[in-house]
Number of protein chains: 2
Amino acid sequence: MGKGLPKRSEDYSLWYNELVKRADLAENSPVRGCMVIKPYGYSIWEKMQAEIDRMFKETGHSNAYFPLFIPKSYLSKEADHVEGFAKECAVVTHYRLKNDENGNGVVVDPDAKLEEELIVRPTSETVIWSTYKNWIQSYRDLPVLVNQWANVVRWEMRTRLFLRTAEFLWQEGHTAHATKKEAIAESIQMMEVYARFAEQFMAMPVVRGIKSESERFAGAVETYCIEALMQDGKALQAGTSHFLGQNFAKAFDVKFTSKEGKLEHVWGTSWGVSTRLMGALIMAHSDDQGLVLPPKLAPIQVVIVPIYRGEEQLEVIREKASGIIADLRAKGVSVKFDDRDAFKPGYKFAEWELKGVPVRLAMGPKDLENNSVEIARRDTGVKEIFSLEGSISEKVETLLEDIQSSIYSKALVFRDEKTTPVDSYDEFKQMLDEKGGFISAHWDGTAETEEKIKQETKATIRCMIFNGDDEEGTCIYSGKPSARRVLFARAY
Amino acid sequence: MGKGLPKRSEDYSLWYNELVKRADLAENSPVRGCMVIKPYGYSIWEKMQAEIDRMFKETGHSNAYFPLFIPKSYLSKEADHVEGFAKECAVVTHYRLKNDENGNGVVVDPDAKLEEELIVRPTSETVIWSTYKNWIQSYRDLPVLVNQWANVVRWEMRTRLFLRTAEFLWQEGHTAHATKKEAIAESIQMMEVYARFAEQFMAMPVVRGIKSESERFAGAVETYCIEALMQDGKALQAGTSHFLGQNFAKAFDVKFTSKEGKLEHVWGTSWGVSTRLMGALIMAHSDDQGLVLPPKLAPIQVVIVPIYRGEEQLEVIREKASGIIADLRAKGVSVKFDDRDAFKPGYKFAEWELKGVPVRLAMGPKDLENNSVEIARRDTGVKEIFSLEGSISEKVETLLEDIQSSIYSKALVFRDEKTTPVDSYDEFKQMLDEKGGFISAHWDGTAETEEKIKQETKATIRCMIFNGDDEEGTCIYSGKPSARRVLFARAY
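Residues numbered from 1 in each chain as written. Chains lettered and ligands numbered in written order. Predicted model: local features only at pLDDT ≥ 70, side-chain atom pairs only at ≥ 80, totals over all residues.

1. Looking at the overall build of chain A
Piece 1. In terms of regular secondary structure, chain A is built from 14 helices and 27 strands.
Piece 2. Its C-alpha atoms give chain A a radius of gyration of 26 Å, near enough to 23 Å, the size a compact globule of 492 residues would have.
Piece 3. By principal-axis analysis of the C-alpha atoms, chain A measures approximately 80 × 70 × 55 Å.
Piece 4. Taking all 492 residues of chain A together, the buried fraction comes to 49%.
Piece 5. For chain A, restricting intrachain contacts to residue pairs at least 6 apart in sequence, the fraction spanning at least 24 positions comes to 67%. (Helix = DSSP H or I, 4+ residues; strand = E, 2+ residues; numbered from the N terminus. Rg over C-alpha atoms; globule rule 2.2 N^0.38 Å. Buried ≥ 20, exposed ≤ 12 C-beta atoms within 10 Å, placed from the backbone. Contact = placed C-beta atoms within 7 Å.)

2. Here's the deal with the nonpolar core
Piece 1. Membership of the largest hydrophobic core comes to 310 residues, with the highest contact counts inside it found for Ala228(A) and Ala228(B).
Piece 2. Setting aside its immediate chain neighbours within four residues, Ala228(A) contacts Ala198(A), Met204(A), Val206(A), Leu236(A), Ala238(A), Ala280(A) and Ala284(A). (Core = buried A, V, L, I, M, F, W, Y, C linked by C-beta atoms within 7 Å.)

3. Concerning the relation of the copies chain B and chain A
Piece 1. For these two chains of identical sequence, chain B goes onto chain A by a turn of 180 degrees and a shift of 0.0 Å along the axis, with RMSD 0.0 Å. Seen this way, the second copy is the image of the first under a two-fold rotation axis. Closest approach to the rotation axis among the C-alpha atoms of chain B is made by Val92(B), whose C-alpha sits 2.1 Å away. (Least-squares fit on C-alpha atoms with pLDDT ≥ 70 in both.)

4. Side note on the interface of chain B and chain A
Piece 1. Between chain B and chain A, the contact holds 54 residues from the first and 54 residues from the second.
Piece 2. Split into classes, the residues belonging to the side of chain B that touches chain A amount to 33 nonpolar, twelve polar and nine charged. (Nonpolar A, V, L, I, M, F, W, Y, C, P; charged D, E, K, R; others polar.)

5. A look at the sheet that holds strand E17 (residues 302-306) of chain B
All names here are of chain B.
Piece 1. As summarised here, the arrangement of the five strands in space is E18-E17-E19-E20-E21, forming an open sheet in which the pairing is mixed. A single partner strand is all that each edge strand has here, and the edge strands are strand E18 (335-337) and strand E21 (383-387). Each strand axis lies, on average, 25 degrees off the axis of its neighbour in the sheet, ignoring direction.
Piece 2. Running at roughly 170 degrees to E17, helix H10 (residues 345-354) makes contact with E17 and strand E19 (359-363) of the sheet.
Piece 3. Along the sheet face, helix H12 (residues 392-417) touches E17, E19, strand E20 (372-377) and E21 and points at about 10 degrees away from the line of E20. (Pairing = 2+ DSSP bridges. Axes fitted to C-alpha atoms, helices over the stretch in contact; angles between N-to-C directions.)

6. Some points on the environment of Glu186(B)
Residues and elements named next belong to chain B.
Piece 1. By secondary structure assignment, the location of Glu 186 is in helix H6 (residues 180-200).
Piece 2. Between the alpha carbons of Glu 186 and Ser 241 there is a distance of 8.9 Å; along the sequence they are 55 residues apart.
Piece 3. When near neighbours in sequence (up to four residues on either side) are disregarded, Glu 186 contacts Thr 175, His 177 and Thr 269.

7. A word on the sheet that holds strand E8 (residues 113-120) of chain A
Piece 1. Overall, antiparallel pairing links the six strands, which are arranged E4(A)-E8(A)-E5(A)-E5(B)-E8(B)-E4(B) in an open sheet. The outermost strands of the open sheet, each flanked by one partner alone, are strand E4 (69-71) of chain A together with strand E4 (69-71) of chain B. Recorded for the sheet is a direction-independent mean angle of 45 degrees between the axes of neighbouring strands.
Piece 2. Direction of pairing for strand E5 (residues 91-94) of chain A relative to E8(A): antiparallel, over a ladder of three bridges. Opposite Val91(A), over in E8(A), you have Ile119(A) as the bridge partner.

8. Considerations on the domain arrangement of chain A
All names here are of chain A.
Piece 1. Domain assignment breaks chain A into domain 1 (12-70 + 121-285), domain 2 (295-402) and domain 3 (419-489).
Piece 2. If you average the C-alpha positions of domain 1 and of domain 2, the two centres end up 38 Å apart.
Piece 3. Domain 1 puts ten residues into the contact, and the matching count from domain 2 is six residues.
Piece 4. Ranked by residue count, the leading element in the side of domain 1 that touches domain 2 is helix H2 (residues 39-58), at five residues.
Piece 5. Looking at the side of domain 1 that touches domain 2 residue by residue, the class counts come to seven nonpolar, one polar and two charged. (Domains from an automatic or database assignment.)

9. Regarding the pairing of strand E11 (residues 207-210) of chain B
Residue and element names in this part refer to chain B.
Piece 1. The two faces of E11 match: Val 207 and Gly 209 on one face and Arg 208 and Ile 210 on the other face are all buried.
Piece 2. Sheet analysis places E11 next to strand E12 (residues 222-229), joined by four bridges and oriented antiparallel. Paired with Val 207 across the strands is Glu 227, a residue of E12.
Piece 3. Across two bridges, E11 lies against strand E24 (residues 460-465) in antiparallel orientation. Looking at E24, one finds that Gly 209 is bridged to Ile 465.

10. Section: the pairing of strand E27 (residues 485-489) of chain B
All names here are of chain B.
Piece 1. Of all five residues in E27, five are buried, a share of seventy percent or more.
Piece 2. The side-chain alternation of E27 yields two buried faces, one formed by Arg 485, Leu 487 and Ala 489 and the other by Val 486 and Phe 488.
Piece 3. When strand E23 (residues 438-442) meets E27, the two strands line up antiparallel, connected through four bridges. Within E27, the residue paired with Ala 441 across the bridge is Val 486.
Piece 4. When E24 meets E27, the two strands line up antiparallel, connected through three bridges. The residue bridging Cys 463 from the neighbouring strand is Leu 487, located in E27.

11. Considerations on the packing of helix H9 (residues 310-330) of chain A against helix H12 (residues 392-417) of chain A
Residues and elements named next belong to chain A.
Piece 1. For the pair H9 and H12, interaxial distance at closest approach is 9 Å and the crossing angle is 50 degrees. Viewed along their axes, H9 and H12 adopt a mutual orientation that is oblique. The handedness of the crossing between H9 and H12 is right-handed. Where H9 approaches H12, its residues Ile 324, Asp 327 and Leu 328 are matched on the opposing element by Ile 392, Ser 393 and Val 396.
Piece 2. Among the residues making up the contact of H9 with H12, the classes are represented as four nonpolar, one polar and one charged. (Parallel < 35°, antiparallel > 145°, perpendicular 65-115°, else oblique. Left-handed = near helix turned anticlockwise from the far one by under 90°.)

12. Looking at helix H1 (residues 12-22) of chain B
Residues three or four positions apart in an α-helix share a direction because the helix packs 3.6 residues into each turn.
Residues and elements named next belong to chain B.
Piece 1. Listed as buried for H1 are Trp 15, Tyr 16, Leu 19 and Val 20. Viewed end-on, H1 has its buried residues packed into an arc of 125 degrees, placing them on one side of the element.
Piece 2. Here the buried face of H1 lies against strand E1 (26-28) and helix H8 (276-285). (Arc of directions from axis to C-beta.)

13. Details of the environment of Met55(A)
Residue and element names in this part refer to chain A.
Piece 1. Relative to the helices and strands, Met 55 resides in helix H2.
Piece 2. Accessibility expressed as a C-beta count within 10 Å gives 18 for Met 55, which makes it partly exposed.
Piece 3. Separated by 186 residues in the primary sequence, Met 55 and Ser 241 place their C-alpha atoms 15 Å from one another.
Piece 4. Not counting chain neighbours up to four residues away, the residues in contact with Met 55 comprise Val 193 and Phe 197.

14. What to know about unusual backbone geometry
Residue and element names in this part refer to chain A.
Piece 1. Looking along the chain, the bond that leaves Leu 142 and enters Pro 143 is cis, with omega of -5 degrees.
Piece 2. Among the structural elements, Pro 143 can be located in the loop between helix H5 (125-135) and strand E9 (144-153).
Piece 3. Its identity as a non-glycine residue notwithstanding, Ala 203 has a phi of 55 degrees, on the positive side.

15. So, helix H8 (residues 276-285) of chain A
Piece 1. With respect to burial, H8(A) is a largely interior element, ten of its ten residues being buried.
Piece 2. Where H8(A) is concerned, the buried positions are Arg276(A), Leu277(A), Met278(A), Gly279(A), Ala280(A), Leu281(A), Ile282(A), Met283(A), Ala284(A) and His285(A).

16. Comments concerning the confidence of the model for chain A
Piece 1. The predicted model of chain A has a mean per-residue pLDDT of 96, with 100% of residues at 70 or higher.
Piece 2. Scored as a complex, the prediction yields pTM 0.97 and ipTM 0.96. (pLDDT = per-residue confidence, 0-100.)

17. Thoughts on the environment of Tyr425(B)
Residue and element names in this part refer to chain B.
Piece 1. Structurally, Tyr 425 can be placed in helix H13 (residues 425-434).
Piece 2. With 17 C-beta atoms counted inside 10 Å, the residue Tyr 425 sits in the partly exposed group.
Piece 3. The spacing of Tyr 425 and Asp 232 is 193 residues in sequence and 22 Å in space, taken between C-alpha atoms.
Piece 4. The residues touching Tyr 425, leaving out its near neighbours within four places in the chain, are Ile 476 and Tyr 477.

See the structure below:
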């Protein structure tokens, strides 16, 4: 483990990178911009996946799988979409290597050039809508409610583990509906699913919102989003849900016969969250000692560290612990008994703190004398001596619930404290620099003003709050009329 | 649904293709050689994944994720490996598209050529062992027991849904060990895990075996496999587990300090099963009416079809059914109540037969009179009238267990009947043509003989049976001494 982590207050960015590596979450791979998700990091992602997948199925969706490759010409079929995605993508041009004639390993075989290049999917609307064309003929075939868990590639020049990588893992839902109303309701429902997941499982409060036109998904009519605030005061887009109108249906000629016998274009949505959520989870709660994980997503919820001299003492502790472990497991709590002999208790404490295990039980000679155990919670660091005559498993269960809600509340208080309404551009800039966080301000609704503010301050419009106030006002930048406040922030 | 399926006896291959499409399992995509796995097919794959993943975790493995792309030079580092995999692969040469100057959509931007081409992984040994180099320093870091669920690409010229596709989904386990003995034990353990999964969940008997040198994985010292027999008498390799020796450790310089303080190369294994298992599952049990699914992998285990005239009768049936559904679900049985009004019962019967639902309950006016239900099992087609005074859920539970074991037994009897020992090449050829299946024959152990038999008969050595007889004999082809019999078959 080596020395401690860098401090958040001194170098937030370095703290994040080091934490991701040292807590065994992920690391850079030999392939530029691609990461390796390590077993501990992946086990958190698996817990996220399981919950999200359950929520999708509860809302009527099924999983399927579509090709990794997209024929180049498909990208061009939806005009906005190609503008948004063609720029950064991995292009497959050949399908064979051959031995180099000069003996220098293998080279691309020029005879194996593809007639049409294939793009490694940056997102799958095009290939999926070309498939939906065959699946949908009648209103009886609708809605189509499909999701896929997949890897996608967007060629990013500047990458950061989990937050922005060339390849990332995600899910992408793609639905088709008979009416505009249903499709909009679906997009909003999925934003709500994401928000519930973020709040109830990641313990991360989010703003439900609508993107400005320039921040909209390429090909969407409306983009709904959830936006979270990180501890350094920067915002992070944690999930998006797009109402696609009939754009992709028109681009891929997907029509259905309505109940009334009319041939109409289908209405669509798409929505996704990715391994970026891992970055959000890490940054939302963790501290200078390491990860702080919400119990609902922690691969190990409780660690038991024995403090002993000699095998005999370890055996006594092991026996006492085994009852606790059985009780906890019966309640569905995951427990690890850390009896590694090569490491001292202090080292183990630091390691499990680094890895964010929510509750630590320690049992040593004094505890054996007093028939007690020390219970420490990771989020606050508070320790407590608890008698073994009480029910440890109930105590721990309550504590896990308390930690889950406490870290949510802490993040919510932080977010609210860092959300500032301003009424002038000077105040806007001052708050942005001094306080960070979300700045709620009036905006004239033009892409021009948005772009100027972005260039001058690096702040972007994160969203209009969904179902937020419609109080009119004056744009802080142009002085023109504004229909409502929007949230600005510097963002990941 | 249209007309019936082609008959297996008339055109097995067409029967398979049509079944895969009509049962909504998969279809060809617009991308050559890549398939779309449809929701119903994917839900079977999800059930497979869940069980396999559980078995991996029970044997101490964790999941992780490694990059999709492999730098071209990595492939060359292990000499056999590059020979085996470099020939058919998707090569990424560029990372950007741009608008065509003549307005013809987008074209590859020649300025965005990669310095080193990237290969879309056909398998991940190279990129994973290059990562393990950083993970492993000491014997304390061993074993590394990691698996990943991923997509891979092998550029196949002739593809068939599930059985052979350019892109497919799979899991690939990659482990590293301190000793040769441990690594061999791991390879054999994983073959055994695959065999247990095939037999206990897919209800598909398999031969556990060892591959001949020419059928070995490119880069392996030994390849263990499970081989199944399909209904047309052709064999199908359903899973492989490789003992890699120190080949990849040497290629990527992965060493560890042993307990004795010596620097040694690490020993490795890798093992995988893929969506090919879907093809095996379909071909092992299905019939001319459609899929026959083992209950343990059926997404819908029981379908209830009401036979009614008018809403009132439907309501009475619905009420009777609701109790049955609740009881079944309480036992963990998945049930669908098919009350679609647009389709007649006969159509529904045929549809659920096509989709392989193991048990069908039908309830009509007569059943209401007699307080009974008709129970039909998919595998044998046998129907039975059952009084509602008995426990339907217990009856169904027993029936599901019986179907699971019956279809296994049926496949086992078929396999055993189709396994023929022969002692001459004439008999070999005759049996192969007339009877098909596995032919057990003596072989002199040379690649030359193996190749000649393959060229002359299209039969390949599927495996030496693991822990099989070591009875010596004479090669049916060359007349030279043979150490043991091996299994030949024509194969998928």
